[in-house]
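# Residue-level structure breakdown
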Amino acid sequence: SASQDVAPPVLTQVGAVKTGSGFTAFVKVSDAGSGIARVAALYNTGGTNWTVQPLTNAGNGLWTATFSSSASSLKLDGEAEDQAGNVGFSFNKAVNYQSTVDTSGPSITIDSVLPNATLPLNSPVTSSFACSDPGGVSGCLGAVDAGSGQPSGSPIPTGTLGQHTLTVTSTDLSGNTTRKTVTYFVVANFSGFKPPVDNPPVVNIVKAGSTVPIKWSLQDAAGNYIRSLSTVTSISSTAIKCAAAATDPDPDTVPSGLAGLKYDTTAEQFIFNWQTQKSWSGTCRRFTLGLVGNGVLQYADFQFK
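Residues numbered from 1 in each chain as written. Predicted model: local features only at pLDDT ≥ 70, side-chain atom pairs only at ≥ 80, totals over all residues. Heavy atoms only, no water.

### Things to note about the overall build of the protein chain
- The number of helices and strands found in the protein chain is zero helices and 25 strands.
- Compactness check: the protein chain gives a C-alpha radius of gyration of 31 Å against a globular reference of 19 Å for 305 residues, more than 25% above the reference.
- If you line up the protein chain on its principal axes, its C-alpha atoms span 95 × 45 × 30 Å.
- Nonlocal contacts in the protein chain, meaning residues at least 24 apart in sequence, comprise 64% of its contacts between residues at least 6 apart.
- With the model as given, the accessible surface of the protein chain reaches about 15700 Å², and the carbon-plus-sulfur share is 51%.
- Distance between charge centres in the protein chain, computed from 17 positive and 19 negative side chains, equals 13 Å. (Helix = DSSP H or I, 4+ residues; strand = E, 2+ residues; numbered from the N terminus. Rg over C-alpha atoms; globule rule 2.2 N^0.38 Å. Contact = heavy atoms within 4.5 Å. Areas by Shrake-Rupley, 256 points an atom, 1.4 Å probe, with all protein chains shown as cover. Lys, Arg positive; Asp, Glu negative; His and termini not counted. Charge placed at Lys NZ, Arg CZ, Asp CG, Glu CD.)

Shown next, in the form of structure tokens:
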């Protein structure tokens, strides 16, 4: 051949599954050069004669053929030829592959996204998963939030804050199906509280009964500011132990509500004027801020004089 392509196709799986009236033979194959021209399985049912069974392209590198046979099992090998005439073959290290009766679903491994992963809003993330089965895999697709299935390597949606799911569904050539679901969270990047409030581990010293301006910013993965007030789910404060106190305080959580929350477009920041109580004099409290995402509360600690 005068072709510059001298690399044969690569066969990664050869097998057959027993069906009601025969077998479904399959070969998983790829070719980085001129592309696959034809694929076949060579099989026998226990005698001396071998039969060449041409396979049909089923997509995603899988080639299959279903044929009738009264045999209970068969042995087989696979061959593939590319457009340049290079031939790859697989004979299982000189031992023929054995057909199987497949009654269980495929195995699924998900590398992206990982369970309970936290992804910044609008971050570029792609899926990564794999499906395998001794009886061949006919389908392996991942769907986000019960949407349409997409192959591994497709973009993972990160444009909506909150909890999401990636469900991978795989079916083998015998019709057995397996599903695996992981949960991930899309969150906004929190800047930390801005002056005059200091972030942990600093304890802010303020006068009981005063109004404390709580300020913060939220951004997506590209640094764009998030201005929607709906990203804030809760604001409250809880009594905590002061450093010099001998005992823990009684449980005391005071919801502040979201009234008065506003966004300053000039400074690109949220502002909440926290009205403290005079009765908190001599105590310490933790101000907590809930945001849409993974349920983690942002906080700042205060000591009242």
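### Overview of the packing of aromatic side chains
- Taken as a whole and assessed by the stated rule, the structure comprises 15 aromatic pairs.
- Ring centres of Phe193 and Trp216 lie 6.4 Å apart, and the angle between their planes is 85°; on these two criteria the pair is classed as edge-to-face. Here Phe193, found in the loop between strand E16 (189–190) and strand E17 (203–206), pairs with Trp216, found in strand E18 (residues 211–216); they are 23 residues apart in sequence, far enough to count as distant.
- By relative accessible area, which is 5% here, Phe193 ends up buried.
- For Trp216, a relative accessible area of 0% corresponds to the buried category.
- Three or more aromatic residues joined by ring pairs make a cluster, and in this case those are Phe190, Phe193, Trp216, Tyr263, Phe270, Phe272, Trp274, Trp280, Phe287, Phe302 and Phe304. (Phe/Tyr/Trp six-rings, centres within 6.5 Å; stacked < 30°, edge-to-face > 60°. Buried < 20%, exposed > 50% of the residue type's maximum accessible area, 1.4 Å probe, protein only.)

### A short note on the sheet that holds E18
- Taken together, the three strands give an open sheet; going across it, the order is E18-E23-E22, and neighbouring strands pair in antiparallel fashion. Because the sheet does not close on itself, it has two edges, and the strands there are E18 and strand E22 (262–264). Sheet twist, expressed as the mean angle between neighbouring strand axes with direction ignored, is 35°.
- One ladder, built from three bridges, connects E22 with strand E23 (residues 269–275); its direction is antiparallel. If you follow Lys262 over to E23, its bridge partner there is Ile271. (Pairing = 2+ DSSP bridges. Axes fitted to C-alpha atoms, helices over the stretch in contact; angles between N-to-C directions.)

### Details of the environment of Ser3
- The residue Ser3 is located in the segment before strand E1 (10–18) in this model.
- Along the backbone, Ser3 and Ala84 are 81 residues apart, and their C-alpha atoms lie at a distance of 6.1 Å.
- A distance of 3.0 Å separates a polar atom in the side chain of Ser3 from the backbone nitrogen of Asp5. (Polar contact = N/O pair within 3.5 Å; in protein donor to acceptor, adjacent residues only side chain to side chain.)

### Let's talk about the state of the cysteines
- Enumeration over the complete set of coordinates arrives at two disulfides.
- Paired through a disulfide, Cys131 and Cys140 show a sulfur-sulfur distance of 2.0 Å. Across the S-S bond linking Cys131 and Cys140, the dihedral sits near 65°, which makes this disulfide right-handed.
- Across the disulfide, Cys242 is cross-linked to Cys284 (sulfur-sulfur distance 2.0 Å). On the sign convention where negative means left-handed, the S-S torsion of about 115° between Cys242 and Cys284 marks this disulfide as right-handed. Of the two residues, Cys242 sits in the loop between strand E20 (232–240) and strand E21 (253–255) while Cys284 sits in strand E24 (residues 284–291), which places them 42 residues apart along the sequence. (Disulfide = S-S within 2.5 Å.)

### Looking at unusual backbone geometry
- Cis rather than trans, the peptide bond between Ser112 and Val113 has omega equal to 10°.
- With respect to the helices and strands, Val113 occurs in the loop between strand E10 (107–112) and strand E11 (117–120).
- Cis rather than trans, the peptide bond between Pro200 and Pro201 has omega equal to 15°.
- In this fold, Pro201 is placed in the loop between E16 and E17.
- Positioned with a positive phi, Asn116 is a non-glycine residue whose angle comes to about 60°.
- Looking at the element boundaries, Asn116 is found in the loop between E10 and E11.
- For Asn116, a relative accessible area of 52% puts it in the exposed group.
- A positive phi angle, close to 50°, is found at Glu268, a residue other than glycine.
- You can see Glu268 is positioned in the loop between E22 and E23.
- Take Glu268: its relative accessible area is 15%, and that puts it in the buried class.

### Digging into the pattern of salt bridges
- Under the defined criterion, the tally for this structure stands at four salt bridges.
- Between Arg285 and Asp252 there is a salt bridge whose closest N-O contact spans 2.9 Å. In this pair, Arg285 sits in strand E24 while Asp252 sits in the loop between E20 and E21, placing the two residues 33 residues apart along the sequence.
- Among the residues examined, Arg285 registers a relative accessible area of 1% and is labelled buried. (Salt bridge = Lys/Arg side-chain N within 4 Å of Asp/Glu carboxyl O.)

Keep in mind these values describe shape, not function.
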